[in-house]
Amino acid sequence: MSENFMLPVGCSSRVVCQAVDQESREERTTRLYASEGGPLLGWLFEECARRGQTRRDMSSELGVTYSYIHQLRTGVRQTRHLSSEVACACARYLGVPPIVVKLLAGVVPMADFAWPEQTEPETIDRALDAMKQDAVARTLLPANVKALPIEAKRSLVLMYAENSRQDILGVKELPDVVQWLQRAATIHNHNMALATS
């Protein structure tokens, strides 16, 4: 097992970081989602290389063993089963809120952002239908786009939404919902603290 960031022989992490810096957003997203173990592992390994660390160093900083990271990368363990503690450690390492890690890991599925009357596949298919209304996107989508696996369709929808800045998932309503959820979580934490003291 190599603990480097999939570097060719004689290649330094500085070279990888320079190549990563020259990527477009679409290329980076595609690369991270194609990473062994999924986008979270791809991002962690990218950050590890950026810092000039080994994967063992990264594992130690995350509070897990290198073996655990290897199991996530190879699929022996699934990222969607990350504990809250590991998700928070990953978030600190990457410098993002824990919810971002949980979304990338699949702990919080996209279905949790769909309105109750729609399943995740229905939400994704609705978004794909909206994409087909865009003349440019329509020419880039495969003819059998709805037959693709849900993961592939999800990636297409997310990349399109990010790059076109169109709200095809109805996410503009989410800031209010998230704000209320954050407020409810704060009240819940306060009540839990009172109950346990």
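Up top is the structure these notes are about.
Description of the overall build of the protein chain
- Counting its regular elements, the protein chain contains 11 helices and zero strands.
- Reading the helices (α) and strands (β) of the protein chain from amino to carboxyl end gives α-α-α-α-α-α-α-α-α-α-α.
- Within the protein chain, the proportion of its 197 residues that are buried is 31%.
- Here the contacts in the protein chain between residues at least 6 apart in sequence split such that 55% fall between residues at least 24 apart.
- Summed over its atoms, the accessible surface of the protein chain is roughly 12,200 Å², and 56% of this surface lies on carbon and sulfur atoms.

Section: the packing of aromatic side chains
- Evaluated as defined, the whole model comprises zero aromatic pairs.
- Taking the ring centre of Tyr93 as reference, the NZ or CZ of Arg51 above it sits at 3.8 Å.

Some details on the pattern of salt bridges
- One pass over the structure, following the stated rule, counts nine salt bridges.
- Note that Asp125 and Lys153 form a salt bridge whose closest N and O atoms lie 3.1 Å from each other. Within this pair, whereas Asp125 is found in helix 8 (residues 120-131), its partner Lys153 is found in helix 10 (residues 150-164), the two being separated by 28 residues in sequence.
- Classification of Asp125 by relative accessible area gives partly exposed; the value is 21%.
- Owing to a relative accessible area of 6%, Lys153 belongs among the buried residues under this scheme.
- Between Asp129 and Lys146 there is a salt bridge, with the nearest N and O atoms lying 2.8 Å from each other. Pair noted here: Asp129 is in helix 8 and Lys146 is in the loop between helix 9 (135-140) and helix 10, with a separation of 17 residues, a long-range link.
- The exposure class of Asp129 is partly exposed, given its relative accessible area of 35%.
- With a relative accessible area of 36%, Lys146 lands in the partly exposed category.

Brief notes about the side chain of Glu47
- Note on placement: Glu47 falls in helix 3 (residues 39-51).
- When its relative accessible area of 11% is taken as the criterion, Glu47 is described as buried.

Considerations on helix 10
- Over its 15 residues, helix 10 extends 21 Å from the first C-alpha to the last, a length consistent with the 21 Å expected when each residue adds 1.5 Å.
- Looking only at helix 10, the buried set comprises Lys153, Ser155, Val157 and Tyr160.
- In this fold, the buried residues of helix 10 make contact with helix 2 (25-34), helix 8 and helix 9.

Cut-offs used in this document
Residues numbered from 1 in each chain as written. Predicted model: local features only at pLDDT ≥ 70, side-chain atom pairs only at ≥ 80, totals over all residues. Heavy atoms only, no water. Helix = DSSP H or I, 4+ residues; strand = E, 2+ residues; numbered from the N terminus. Buried < 20%, exposed > 50% of the residue type's maximum accessible area, 1.4 Å probe, protein only. Contact = heavy atoms within 4.5 Å. Areas by Shrake-Rupley, 256 points an atom, 1.4 Å probe, with all protein chains shown as cover. Phe/Tyr/Trp six-rings, centres within 6.5 Å; stacked < 30°, edge-to-face > 60°. Lys NZ or Arg CZ within 6 Å of the ring centre and 35° of its normal. Salt bridge = Lys/Arg side-chain N within 4 Å of Asp/Glu carboxyl O. Expected span 1.5 Å × (residues − 1).

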